Amino acid sequence: MPCVCSDISRREFLCKTSAGIAVCAVSPFLPELAHAQPAFPEPTHKARYWEPLGNNIVRCKLEPRACEIGEGERGACGVRENVGGVYYSTVYALPCSVYVGAIEENFLHVLPGTKALQVGTAGCNLHCKFCNTWQISQTRPEQAPFESLSPEQLVERAIKEGCKSICFTYNDPVVCFEYVVDTARVAHTRGIKAICHTAGYINDEPLKELCSVMDSIAVDLKSVSREVYTQLCGVNADRVFAAAYLVKKSPAALEIVSPMLPGYNDSVQFGRVMGGWIAKNLGVDVPWQLYRFYPAYQMEQVPVTNITAMQEVCKAAQDIGLQHVYLCNLARPGDTSVHCGKCNAKVVDRQGDRCSIVGLTNGKCGKCGYEFTGVWE
Ligand code: SF4
């Protein structure tokens, strides 16, 4: 099976936002933008997954960091705030990026060839050094452009734009959990799919709830090395491994995305070890996106990923049995066709932004009946 690749880049989102503002230019102009729009509203939507500790201190229970927050303060994500001993989300219904894009910018086994309404708020619970959306994820809500859109209005926007899904991406959906979950529930009542892309640093209980309302979840798995996780993201990798495993066991379809960072995870050995881990723990049929890295954020000095290295990682993973490995975020139009994991027949013909279903019936191979993981109708 050939290594397939995608030219569609999440970096493209940087040119379009809900407010029509070039987010790529946000960072240098943030103060100016903040003055050009209405004042950021006071939080009114109560957060979930927290507990009071006494003396108006609260503890967040969304993810393992378990921030303890005093009155008037926020957690490390910068978007969850303690107001008088009650915990609030400051970004509920206040996205800073809403963009209509190809579903393939995030998912390769979900409704191929359709449009997705991609949504993100400010803030993130991780501070990965290579983040390619840091202008959004590492910003406080007051410093970013924003638009007021309730879950109902967001779903209405998706329908109006001809989107088949709403995809929470750009920042981690964990930090805007309440907005994500409420939107997903409304989306399903209108026949719209709900999907999200997460780093997977989240506690089991909220993750189970997220899985119950998501049609598909892409988990970013940077490495199987705990050391690399600590070094680049500052978090305990075991929690992410557990999250990927939990998604796999849930009704939500799982995709794995790995940013290929030169010198960290672009070797054949990585392809064997990580591919082996995926095969053993998640299954050989789980789609694995090898995502090309471009210098960004705190890793501006690291070079862009070598494409030959990516192809070698891809081949190493295929050699140990992974059925659906893709090269993504490349500069030129590429092939992300989907092939049957059993008879290798092509079922989705996808070249660049041209896509057609050629041999898929109800999520099964039209030739041999192999059942694909994913969301197909
Ligand atoms: S979601 Fe935010 S407040 Fe909660 S534990 Fe994580 S960083 Fe802290």
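Each value, and the rule that gives it
- Residues numbered from 1 in each chain as written.
- Predicted model: local features only at pLDDT ≥ 70, side-chain atom pairs only at ≥ 80, totals over all residues.
- Heavy atoms only, no water.
- 1 Å grid on protein atoms, 1.4 Å probe; cavity = no way out; pocket = protein on both sides within 12 Å on 5 of 7 lines; lining within 4 Å.
- Points joined across faces, edges and corners; volume = space filled by probe spheres on them.
- Nonpolar A, V, L, I, M, F, W, Y, C, P; charged D, E, K, R; others polar.
- Salt bridge = Lys/Arg side-chain N within 4 Å of Asp/Glu carboxyl O.
- Helix = DSSP H or I, 4+ residues; strand = E, 2+ residues; numbered from the N terminus.
- Buried < 20%, exposed > 50% of the residue type's maximum accessible area, 1.4 Å probe, protein only.
- Domains from an automatic or database assignment.
- Polar contact = N/O pair within 3.5 Å; in protein donor to acceptor, adjacent residues only side chain to side chain.
- Phe/Tyr/Trp six-rings, centres within 6.5 Å; stacked < 30°, edge-to-face > 60°.
- Near = heavy atom within 4 Å.
- Sits in = over half its atoms within 2 Å of the grid points.
- Pairing = 2+ DSSP bridges.
- Disulfide = S-S within 2.5 Å.

Attention now goes to empty space enclosed by the protein. Going through the model one piece at a time under the given rule, you end up with four cavities of 30 Å³ or more. When its volume is computed, the second largest cavity comes out at roughly 90 Å³. Along the wall of the second largest cavity there are 14 residues; nearest its centre are Cys 60, Glu 63, Cys 77, Arg 80 and Asn 125. A class-by-class count of the residues in the lining of the second largest cavity yields nine nonpolar, two polar and three charged.

One side chain can pair with another of opposite charge once the charged atoms of both are near each other. Counted under the stated rule, the structure contains 18 salt bridges. With a closest N to O distance of 2.4 Å, Arg 74 and Glu 142 form a salt bridge. Of this pair, Arg 74 sits in the loop between β5 (68–69) and β6 (80–83) while Glu 142 sits in the loop between α2 (134–137) and α3 (151–160); the two residues are 68 residues apart in sequence, bridging distant segments of the chain. For Arg 190, the salt bridge identified is with Glu 156, shortest N-O distance 3.0 Å. Within this pair, whereas Arg 190 is found in the loop between α4 (177–189) and β11 (193–198), its partner Glu 156 is found in helix α3, the two being separated by 34 residues in sequence. Taking the relative accessible area as the measure of exposure, Arg 190 reaches 41% and is therefore partly exposed.

Below, the discussion takes up the domain arrangement of the chain. Reports of interface size often rely on the accessible area that becomes lost once the parts have come together. Taken as a whole, the chain is organised into domain 1 (4–28 + 93–334) and domain 2 (45–89). Distance from the C-alpha centre of domain 1 to the C-alpha centre of domain 2: 26 Å. Between Glu 178 and Arg 80 there is a salt bridge, and its shortest N-O distance comes to 2.8 Å. Summed over the shared surface of domain 1 and domain 2, the number is 10 residue pairs in polar contact (both at pLDDT 80 or more). Breaking the side of domain 1 that touches domain 2 down by element, the ones donating at least two residues are α4 and α5 (204–213). Classifying every residue of the side of domain 1 that touches domain 2 gives 11 nonpolar, four polar and seven charged.

A few words now on the packing of aromatic side chains. Two numbers describe a pair of aromatic rings. These are the distance of the centres and the angle of the planes. Scanning all chains against the criterion turns up 11 aromatic pairs. Ring centres 5.0 Å apart and planes at 80° place the aromatic pair Phe 40 and Phe 146 in the edge-to-face group. Linking Phe 40 in the loop between α1 (26–36) and β2 (45–46) with Phe 146 in the loop between α2 and α3, this pair joins segments that are 106 residues apart in sequence. Accessibility assignment for this pair places Phe 40 and Phe 146 in one class, buried. For the pair Phe 372 and Trp 376, a centre-to-centre distance of 5.8 Å together with 70° between the ring planes defines the contact as edge-to-face. Trp 376 gets classed as buried once you look at its relative accessible area, which sits at 15%. Through pairs of rings, three or more aromatic residues link up here, namely Tyr 92, Phe 168 and Tyr 179.

What follows is about the site of the ligand. Close to the ligand lie Cys 60, Glu 63, Arg 65, Ala 66, Cys 67, Gly 75, Ala 76, Cys 77, Arg 80, Tyr 87 and Asn 125. Applying the majority rule of atoms within 2 Å of the grid points places the ligand in the second largest cavity. Of the residues assigned to the shell around the ligand, the class counts are six nonpolar, two polar and three charged.

Moving on, we get to the sheet that holds strand β7 (residues 86–89). The antiparallel open sheet is built from three strands, whose spatial order is β2-β7-β6. Looking along the sheet, the strands with just one partner apiece sit at the ends: β2 and β6. Direction of pairing for β2 relative to β7: antiparallel, over a ladder of two bridges. What sits directly across from His 45, in β7, is Ser 89.

Turning our attention to the state of the cysteines. Counted under the stated rule, the structure contains zero disulfides. Just so you know, Cys 343 is unpaired, no disulfide at all, and the nearest cysteine sulfur is the one on Cys 340, 3.7 Å from it. The class of Cys 343 is partly exposed, set by a relative accessible area of 32%.

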